[in-house]
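Listed below are the residues making up each chain.
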Amino acid sequence: MITPPLYIRTPMYENPAINARLNRRVFLKMECYQPTGSFKARGIGALCRRAVEAGQTALISSSGGNAGYSAAYAGRVLGVPVTVVVPESTGTTARQRIESEGAEVIVHGAAWDDADALARKLVEERGAAYIHPFDNPAIWDGHATLIDEAAEQCPKPDLVIVAVGGGGLLCGVLEGMHRHAWADVPVIAVETRGAASFAASIASGTLETLPAITSIASTLGAKTVTPKALDWTTKHTIAPVVVGDSSAVSACLQFADDMRVVVEPACGAALSLVYDNAALLRGAKNVLVIVCGGAGVTYEQLKTYEQELSGVRRGRQDGVTDANSATQTVKLPSS
C-alpha cells in the first residue's frame, strides 16, 4: 500500500522588513508549515515509517510535545496505534493535538527524561516500536532533508542558526550541510537559560545532565543532549548561545507580527538572534534561520508569557539582571 508523505517541502522566505532592519539577507526555512507544525515531522516520520515497514504494529514515543504529535500523525497515516508519554510540563494545547490524531497520551514525571523512562518500560511490556524524539540516525537523516531543500532555495549562507533541545535537529542540519559542501559554514546553536544542556556540555567537553529544566521553552527540555551533538563539535564550527525566556517569547511575538505565524518559545530562541541579539550575527551577510516551529502554544499563551516575564524585563532595564541578552560571544568569519 502506498502511504502519503509524512512531511512536506517547506518554503524559504525572506521578509523585507527584517532584511532592511538588519542590513543583510535573512532566509527563513519555514518548518512551522509542516503538517504537525514543526520540523519533527521529517525525522520522527522517517523513524516511524521505518519501524512500520519492518513489521512493527504499534509505536510508543516519549515527548515534550512536538515529537509526540509527529509520531501520532505518522501513526494515523501509517495505520498503527500510537502511545505518547509526555511530562507534566507539556501544555494542554500540545496534549490535545496529540490526542486529536487518535493517540493515547500518558502524563508522567516532571521532565521529558521521566516520561522517557516510562515509555521505554511500556515498549518492553507491549512489544511496540520505541520512537525516540531526537536520538536516532533515522531521525537525523529525516531532518537533513530540510537542508537538501535549502540548498536549492537559497545561496550558500555565511551562517546557520538553529535551536537546540535534545540535539536531533542540530545533528540533521549538520548532516545535510556536510553533504552539500556547507562544511565551512558556522552554526549558532541556541538554547534558553534553564534548558541549556548543550552549552554546558560544550563548556565542560563532556556530556552534562541538567538537574532540572526551568525554562518555559519546555520542548527544549532534554536534561542531556544526544552524544552525537557533542561529537559534531569536533567536526564543525558550532557556537553555543544561551538566551533568556523573555528574549525567546519576544522574538515569537515579533515574528508573529512580521510573518503572521505563531511558533513556540523553543523556536523563538533561534529567532531571537534576528531580533534582540542581532549583534551576534556580525559579518554574516546571508543568514539561514531554521524556523523549527512548534504546535504547543497559542498567541494568547505567548502574550501571557510576556506578562509573566515583564518583571524580568524591568529588572534588566534597571541593570539588575541581563535575562534577555545572549551569554556567549560568537566569532564569525569577516565579510
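Structure shown above.
So, here's what we can say about the structure.

Conventions used here
- Residues numbered from 1 in each chain as written.
- Predicted model: local features only at pLDDT ≥ 70, side-chain atom pairs only at ≥ 80, totals over all residues.
- Heavy atoms only, no water.
- Helix = DSSP H or I, 4+ residues; strand = E, 2+ residues; numbered from the N terminus.
- Buried < 20%, exposed > 50% of the residue type's maximum accessible area, 1.4 Å probe, protein only.
- Contact = heavy atoms within 4.5 Å.
- Areas by Shrake-Rupley, 256 points an atom, 1.4 Å probe, with all protein chains shown as cover.
- Lys, Arg positive; Asp, Glu negative; His and termini not counted.
- Charge placed at Lys NZ, Arg CZ, Asp CG, Glu CD.
- Phe/Tyr/Trp six-rings, centres within 6.5 Å; stacked < 30°, edge-to-face > 60°.
- Lys NZ or Arg CZ within 6 Å of the ring centre and 35° of its normal.
- Axes fitted to C-alpha atoms, helices over the stretch in contact; angles between N-to-C directions.
- Parallel < 35°, antiparallel > 145°, perpendicular 65-115°, else oblique.
- Left-handed = near helix turned anticlockwise from the far one by under 90°.
- Nonpolar A, V, L, I, M, F, W, Y, C, P; charged D, E, K, R; others polar.
- Pairing = 2+ DSSP bridges.
- 1 Å grid on protein atoms, 1.4 Å probe; cavity = no way out; pocket = protein on both sides within 12 Å on 5 of 7 lines; lining within 4 Å.
- Points joined across faces, edges and corners; volume = space filled by probe spheres on them.

What the protein chain contains, in helices and strands, is 13 helices and 10 strands. A total of 335 residues make up the protein chain; the buried ones form 60% of that total. Long-range pairs, those at least 24 residues apart, make up 73% of the contacts in the protein chain between residues at least 6 apart in sequence. Surface summary for the protein chain: the accessible area is close to 13000 Å², and the carbon and sulfur share equals 49%. Each charge class in the protein chain was averaged separately, 29 positive and 33 negative side chains, and the resulting centres sit 5 Å apart.

This paragraph deals with the packing of aromatic side chains. Enumeration over the complete set of coordinates arrives at two aromatic pairs. Arranged with centres 6.2 Å apart and planes meeting at 75 degrees, the rings of tyrosine 13 and tyrosine 33 form a pair that is edge-to-face. In this pair, tyrosine 13 sits in strand β1 (residues 12-13) while tyrosine 33 sits in the loop between β2 (25-30) and α2 (40-53), placing the two residues 20 residues apart along the sequence. A ring pair is formed by tryptophan 112 and phenylalanine 134, whose centres lie 5.1 Å apart and whose planes are at 50 degrees; its orientation type is tilted. Remark: phenylalanine 134 occurs in the loop between β6 (129-131) and α6 (137-153) and tryptophan 112 occurs in helix α5 (residues 112-126); sequence separation between them is 22 residues. Take tryptophan 112 and phenylalanine 134: they sit in the same class, and that class is buried. The ring of tryptophan 232 has lysine 235 lying over it, and the distance from NZ or CZ to the ring centre is 5.4 Å.

Moving on, we come to the packing of α6 against helix α7 (residues 168-178). At their nearest, the axes of α6 and α7 sit 7 Å apart, and the two run at 55 degrees to each other. Taken as axis vectors, α6 and α7 run oblique relative to one another. The chirality of how α6 crosses α7 is right-handed. Contact residues: α6 offers Trp140, Asp141, His143, Ala144, Leu146 and Ile147, while α7 offers Gly168, Leu169, Cys171, Gly172, Val173, Glu175, Gly176 and Met177. Looking at the contact of α6 with α7 residue by residue, the classes come out as eight nonpolar, four polar and two charged.

Now for the sheet that holds strand β4 (residues 82-86). The strand order β5-β4-β3-β6 describes an open sheet built from four strands, whose pairing is parallel. Each edge of the sheet is formed by a strand with only one pairing partner; in this case those strands are β5 (104-107) and β6. Each strand of the sheet is rotated relative to its neighbour by a mean of 20 degrees, with strand direction disregarded. Of the strand pairs in this sheet, strand β3 (residues 59-62) and β6 are connected by three bridges, and their pairing is parallel.

Attention shifts here to the layout of surface pockets. The volume enclosed by the largest pocket comes to roughly 480 Å³. As for the largest pocket, its lining consists of 37 residues, of which Ser218, Thr219, Leu220, Gly221 and Ala222 are closest to the centre. Mapped by element, the contributors of at least two residues to the lining of the largest pocket are α3 (66-78) and α7. In this structure, the second largest pocket encloses a volume near 190 Å³. Lining the second largest pocket are 16 residues, and of these Gly91, Ile216, Ser218, Gly296 and Tyr305 lie nearest its centre. The set of elements that each furnish at least two residues to the lining of the second largest pocket consists of α11 (265-271) and α12 (299-308). Across the lining of the second largest pocket, the residue classes tally to seven nonpolar, eight polar and one charged.

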